[in-house]
Structures are given as structure tokens and as C-alpha cells.
Amino acid sequence: VIDKVARKWMSSSLGRGFEGWRENATLQRWSKQAMGKIVTRMVNLTMIVAFDTWRANGAEGSQRRAVLDRVVRRMTHASLAGAMDRWRECRREAGRMRRGIDKVAR
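Rules behind the numbers
- Residues numbered from 1 in each chain as written.
- Predicted model: local features only at pLDDT ≥ 70, side-chain atom pairs only at ≥ 80, totals over all residues.
- Heavy atoms only, no water.
- Helix = DSSP H or I, 4+ residues; strand = E, 2+ residues; numbered from the N terminus.
- Rg over C-alpha atoms; globule rule 2.2 N^0.38 Å.
- Buried < 20%, exposed > 50% of the residue type's maximum accessible area, 1.4 Å probe, protein only.
- Areas by Shrake-Rupley, 256 points an atom, 1.4 Å probe, with all protein chains shown as cover.
- Lys, Arg positive; Asp, Glu negative; His and termini not counted.
- Charge placed at Lys NZ, Arg CZ, Asp CG, Glu CD.
- Phe/Tyr/Trp six-rings, centres within 6.5 Å; stacked < 30°, edge-to-face > 60°.
- Salt bridge = Lys/Arg side-chain N within 4 Å of Asp/Glu carboxyl O.
- Patch = residues over 30% accessible without salt bridge, like charges linked within 9 Å, V, L, I, M, F, W, Y side chains within 5 Å.

Colleague: Just to check I follow, could you spell out the overall build of the chain for this structure?
Modeller: Of regular secondary structure, the chain possesses one helix and zero strands. Taking 106 residues into account, the globule formula puts the C-alpha radius of gyration at 13 Å, and the chain, at 45 Å, lies well above it. Taking the principal axes of its C-alpha atoms as reference, the chain extends roughly 155 × 10 × 5 Å. By residue count, 2% of the 106 residues in the chain fall in the buried class. Carbon and sulfur atoms form 63% of the exposed surface of the chain, whose accessible area is close to 10,200 Å². Averaging the positions of the 24 positive and the 10 negative side-chain charges in the chain gives two centres separated by 3 Å.

Colleague: It is not clear to me how the packing of aromatic side chains should be interpreted in this structure. Could you clarify?
Modeller: Where two aromatic rings form a pair, the distance of their centres and the angle of their planes describe that pair. The tally for this structure, following the rule as stated, stands at one aromatic pair. Between F51 and W54, the ring centres sit 5.7 Å apart and the planes meet at 35 degrees, which makes this aromatic pair tilted. Of the two residues, F51 and W54 are both situated in helix 1 (residues 2-105); the distance of three residues between them amounts to about one turn of the helix. Taking relative accessible area as the criterion, F51 reaches 44% and is therefore assigned partly exposed.

Colleague: How should I be thinking about the pattern of salt bridges in this particular structure?
Modeller: Once their charged atoms are close, side chains differing in charge can pair, the charge on each being opposite to the other. Applying the stated criterion across every chain yields a total of five salt bridges. Between R64 and E60 there is a salt bridge, with the nearest N and O atoms lying 2.4 Å from each other. One end of the pair is R64 and the other is E60, both in helix 1 and four residues apart, which spans about a single turn.

Colleague: Would you mind going over the environment of T53 with me for this structure?
Modeller: Note that T53 resides in helix 1. Along the chain, T53 and K4 lie 49 residues apart, while their C-alpha atoms are 73 Å from each other.

Colleague: What is the right way to read a positive patch on the surface from this model?
Modeller: Taken together, the side chains of R91, R98, R99, K103 and R106 present a region of like positive charge at the surface. Tracing the sequence through the fold places R91 in helix 1. Accessibility expressed as a relative area gives 56% for R91, which makes it exposed.

Have a look at this one:
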């Protein structure tokens, strides 16, 4: 009888110990998986923020480049127009001088 009681007590004590160990192992495994998901989300969020910043800077850079291209085109057209105006003035002046020389030469 004492032998049966001792076996039963050992069995239930060992059973409770094993059950506690199993619950603890399950909780640790769940915690490890949850922490892995959290770290993955944090890394992904960091990468998303970095990518969004890079993309915004790229878009801003291409907008800036487009504005600068327009400014350069305007400046080029303005300097070409100025050169053309200067050429016309010189041509008119040369024509006036030629006519003046023709008058003197007659």
C-alpha cells in the first residue's frame, strides 16, 4: 500500500513537473516567435522609411533638375536672342556706313 502511494505521489509530482516544464517551453517558444516578428517589423519599418526618404529626395531632385533645365533653356534663348539683336544692329550700322561711303565716293 505504501509502495502504491509513493509511486502515485512520485508520478503526480513528476507529472506536475513535466507539465510545468512543457508549459514553460511552449511560452518561451511563443515569446521567441513574437519577438522575431516584432524585430522583423522594426527592420522593415526602418527600411520603408529609408526607401520613402530616398524616393522623395529622388523626386525632389528630378523636379529641381527640370526647373534648372528650363532656366538654362531660357538663358540660352535669351543670350541667342541678344546675340541676334546685336548682329542685326551691326548689320544695320554696316549698311548705314556703306551707304555713307557710297555717297562720299560719288
